[in-house]
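Residue strings, one per chain:
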Amino acid sequence: MVLGAVAAGLASCPAYADDTFKIGLVVPMTGGQASTGKQIDNAIKLYMQQHGDTVAGKKIEIILKDDAALPDNTKRLTQELIVNDKVNVIAGFGVTPAAFAAAPLATQGKIPEVVMAAGTSIITEKSPYIVRTSFTLAQSSTIIGDWAVKNGIKKVATLTSDYAPGNDALNFFKEHFTAGGGQIVEEVKVPLANPDFAPFLQRMKDAKPDAVFVFVPAGQGGNFMKQYAERGLDKAGIKVIGPGDVTDDDLLADMGDAVVGAVTAHIYSAAHPSEVNKEFVAAYKKAYGSRPGFMAVGGYDGIHLIYEALKKDGGKTDGDSLLAAMKGMAWESPRGPISIDPDTRDIVQNVYIRKVEKKDGELYNVEFETFNAVKDPGKTKK
Ligand code: PHB
């Protein structure tokens, strides 16, 4: 009787039988959001080269699955990882709908879901097993809304990607910008998949705003800036402001001079002047020949969180022990000091205001103002 109960308990305990600790990494490696998956995969490989692949006596194994950012794929692949591969943690999730799709599976499987990319506030409320190492759009959009008002921007046209994080960006920006007396003169939502910005940009130019507030997800900023310049919005003196997704370091170097002067609020710049970041950028460049962007940092911090949780709980692999160890953890990331809020399981981090400048012939987001230890405003304001 007793033995039977123990055996049944062990059978449902993931990866108990061996000393392997499995992480199911579900990210887009193909399709429009592929740059997110590549950055996260690169950063995790780099971290594991730097820190080894054994933690608390367990060999870390990453099982990578490409969901192409399609939530039906996310759900199927995550389920296979939990049921067949018996992973201890699921991680990645390049877009909000993917993070949502995995949430009930994390709850049922009682395993941590480490969200390394997606940025809608409500994600962490979808499962008590979700922990986030990326960011929220509310963190940056509230701050750029206040900044715009204080810096003489009176009329703004908005262009946001038409899904959950775009709506968060728009609503939190609008709330802060209009509360300070700013006016929204044009509001445009563009589809997530393969957006053509040109017709919208023409409408925005005609509305003659002081600035355009833009949220497009990582990977789309280059195309946006190209069409912004082609339509002559830069020449018309219409500034670009927004959360920093549009000037992602991954693409910034190739965006051309029209992007110079764009002011964004964000959580990471490759030009962040700390020793930890200088080493990170140098190592990433050496390994991959390109600059890391904010998605790479979300992956780097996500794998760090998993390593440290496993160490802190003494090698216990069950989800509840890992989650308890993750709550409240604090460390210095390449982006600056960060921690996991023990109550919300969301990331607390600095938000920087940055301006795109040319330094030694290369385009960078140069930070000039810091807001320390920002919690997700979406948690208290809803
Ligand atoms: C998201 O889908 O939550 C998302 C994706 C890319 C970003 C920001 C948010 O740059």
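Residues numbered from 1 in each chain as written. Predicted model: local features only at pLDDT ≥ 70, side-chain atom pairs only at ≥ 80, totals over all residues. Heavy atoms only, no water.

Asks: Tell me what's going on with the site of the ligand, and back it up with residues and numbers.
Replies: Inspection of the region around the ligand gives 15 residues, with T96, G119, Y163, A218 and D245 positioned closest. At 2.9 Å from an oxygen atom of the ligand is found a main-chain nitrogen or oxygen belonging to A218. In the model, an oxygen atom of the ligand is placed 2.5 Å from a nitrogen or oxygen of the D245 side chain. In the complex, the protein chains occlude 100% of the 280 Å² of accessible area that the ligand would expose alone. (Near = heavy atom within 4 Å. Polar contact = N/O pair within 3.5 Å; in protein donor to acceptor, adjacent residues only side chain to side chain. Areas by Shrake-Rupley, 256 points an atom, 1.4 Å probe, with all protein chains shown as cover.)

Asks: Which residues make up the sheet that holds strand 4 (residues 89-92), and what values do they have?
Replies: Each strand in a sheet pairs with another by means of backbone hydrogen bonds, the pair being arranged parallel or else antiparallel. The sheet built from six strands is open, its strands ordered 2-3-1-4-5-6 with mixed pairing. Two strands bound the open sheet, and with one partner strand each, they are strand 2 (54-55) and strand 6 (130-132). (Pairing = 2+ DSSP bridges. Helix = DSSP H or I, 4+ residues; strand = E, 2+ residues; numbered from the N terminus.)

Asks: Report on the nonpolar core, specifying residues and quantitative values.
Replies: Judged by nonpolar contacts, the single largest core of 91 residues is most densely connected at I241 and F280. Top contributing element to this core by residue count: helix 11 (residues 294-312), with eleven residues. In contact with F280, not counting residues within four places along its chain, are L46, Y268, P292, A296, V297, Y300 and P334. If you look at the next biggest cluster of nonpolar residues, it comprises 24 residues, including F224, I238, M255 and V356. (Core = buried A, V, L, I, M, F, W, Y, C linked by side-chain atoms within 4.5 Å. Buried < 20%, exposed > 50% of the residue type's maximum accessible area, 1.4 Å probe, protein only. Contact = heavy atoms within 4.5 Å.)

Asks: Report on the environment of K375, specifying residues and quantitative values.
Replies: Tracing the sequence through the fold places K375 in the segment after strand 15 (362-374). Residues K375 and Q50, 325 residues apart in the sequence, show an inter-C-alpha distance of 30 Å. Excluding residues that lie within four positions of it along the chain, K375 makes contacts with Q139, D341 and V348. Within the structure, the side chain of K375 is placed 3.4 Å from the side chain of D341, a separation counted as a polar contact.

Asks: Give a description of the packing of helix 3 (residues 71-83) against helix 4 (residues 96-109) that names residues and reports values.
Replies: Orientation of helix 3 relative to helix 4, taken along the N-to-C sense of each, is 35°, at an axis distance of 8 Å. As helix 3 runs across helix 4, the sense of the crossing is right-handed. Between helix 3, through P71, T74, K75, T78, Q79 and I82, and helix 4, the contact on the second element is made entirely by P97, A98, A101, A102 and L105. Residues belonging to the contact of helix 3 with helix 4 are distributed by class as follows: seven nonpolar, three polar and one charged. (Axes fitted to C-alpha atoms, helices over the stretch in contact; angles between N-to-C directions. Left-handed = near helix turned anticlockwise from the far one by under 90°. Nonpolar A, V, L, I, M, F, W, Y, C, P; charged D, E, K, R; others polar.)

Asks: Account for the side chain of N88, naming residues and giving values.
Replies: Checked against the element boundaries, N88 lands in the loop between helix 3 and strand 4. Note on N88: relative accessible area 1%, which makes it buried. A distance of 2.7 Å separates the side chain of N88 from the backbone nitrogen of K22, its partner in a polar contact.

Asks: Which residues make up the pairing of strand 14 (residues 347-359), and what values do they have?
Replies: Pairing of strand 11 (residues 263-266) with strand 14, which is carried by four bridges, proceeds in the antiparallel orientation. By the bridge assignment, H266 is partnered in strand 14 with Y352. Where strand 13 (residues 336-340) and strand 14 come together, three bridges link them in antiparallel fashion. The residue of strand 14 that forms the bridge with I340 is I347. Counting the residues in the hairpin turn of strand 13 and strand 14 gives six residues, including R345, whose phi is positive at 65°. With ten bridges connecting them, strand 14 and strand 15 associate as antiparallel partners. Residue pairing in the sheet places K358 in a bridge with L363 of strand 15. In this structure, the hairpin formed by strand 14 and strand 15 is closed by a connection of two residues, where D360 is found at a positive phi of approximately 50°.

Asks: Describe in detail the confidence of the model for the protein chain, supporting the description with residues and values.
Replies: For the protein chain, per-residue confidence averages 94 on the pLDDT scale, and 95% of positions sit at 70 or higher. Ranking the elements of the protein chain by mean pLDDT puts helix 1 (residues 2-11) last, at 45, and strand 5 (residues 113-115) first, at 99. (pLDDT = per-residue confidence, 0-100.)

Asks: Report on the packing of helix 2 (residues 34-51) against helix 10 (residues 275-288), specifying residues and quantitative values.
Replies: Taken N-terminus to C-terminus, the directions of helix 2 and helix 10 make an angle of 105°; their axes are 11 Å apart at the nearest point. Compared by their axis directions, helix 2 and helix 10 come out roughly perpendicular. Taking contact as the criterion, the partners of Q39, N42, A43, K45, L46 and Q50 in helix 2 are, on helix 10, F280, A283, Y284 and Y288. A per-class count over the contact of helix 2 with helix 10 returns six nonpolar, three polar and one charged. (Parallel < 35°, antiparallel > 145°, perpendicular 65-115°, else oblique.)

Asks: Give me the lowdown on helix 2, citing residues and values where you can.
Replies: One turn of an α-helix holds 3.6 residues; hence residues three or four places apart share an orientation. The terminal C-alpha atoms of helix 2 lie 26 Å apart, and with 18 residues this matches the ideal 26 Å at 1.5 Å per residue to within 8%. Counting buried positions along helix 2 yields 13 of 18 residues, so the element is predominantly enclosed. Immediately downstream of helix 2, the backbone of G52 shows phi near 80°, a positive value. (Expected span 1.5 Å × (residues − 1).)

Asks: Outline the packing of aromatic side chains, listing residues and values.
Replies: The geometry of an aromatic ring pair comes down to the distance between the two centres and the angle between the two planes. One pass over the full model with this rule turns up eleven aromatic pairs. With centroids separated by 6.4 Å and ring planes inclined at 65°, the aromatic side chains of W147 and F368 adopt a geometry described as edge-to-face. Here W147, found in helix 5 (residues 137-150), pairs with F368, found in strand 15; they are 221 residues apart in sequence, far enough to count as distant. The exposure class of F368 is partly exposed, given its relative accessible area of 45%. An angle of 25° between the planes, with centres 6.1 Å apart, marks the rings of F224 and Y228 as stacked. Within this pair, F224 and its partner Y228 are both found in helix 8 (residues 221-230), separated by four residues, close to a single helical turn. (Phe/Tyr/Trp six-rings, centres within 6.5 Å; stacked < 30°, edge-to-face > 60°.)

Asks: Break down unusual backbone geometry for me, citing the residues and quoting the values.
Replies: Positive phi, normally seen in glycine, also occurs at K208, with a value near 50°. Even without being a glycine, D360 presents a positive backbone phi close to 50°. When you line up the elements, D360 lands in the loop between strand 14 and strand 15.

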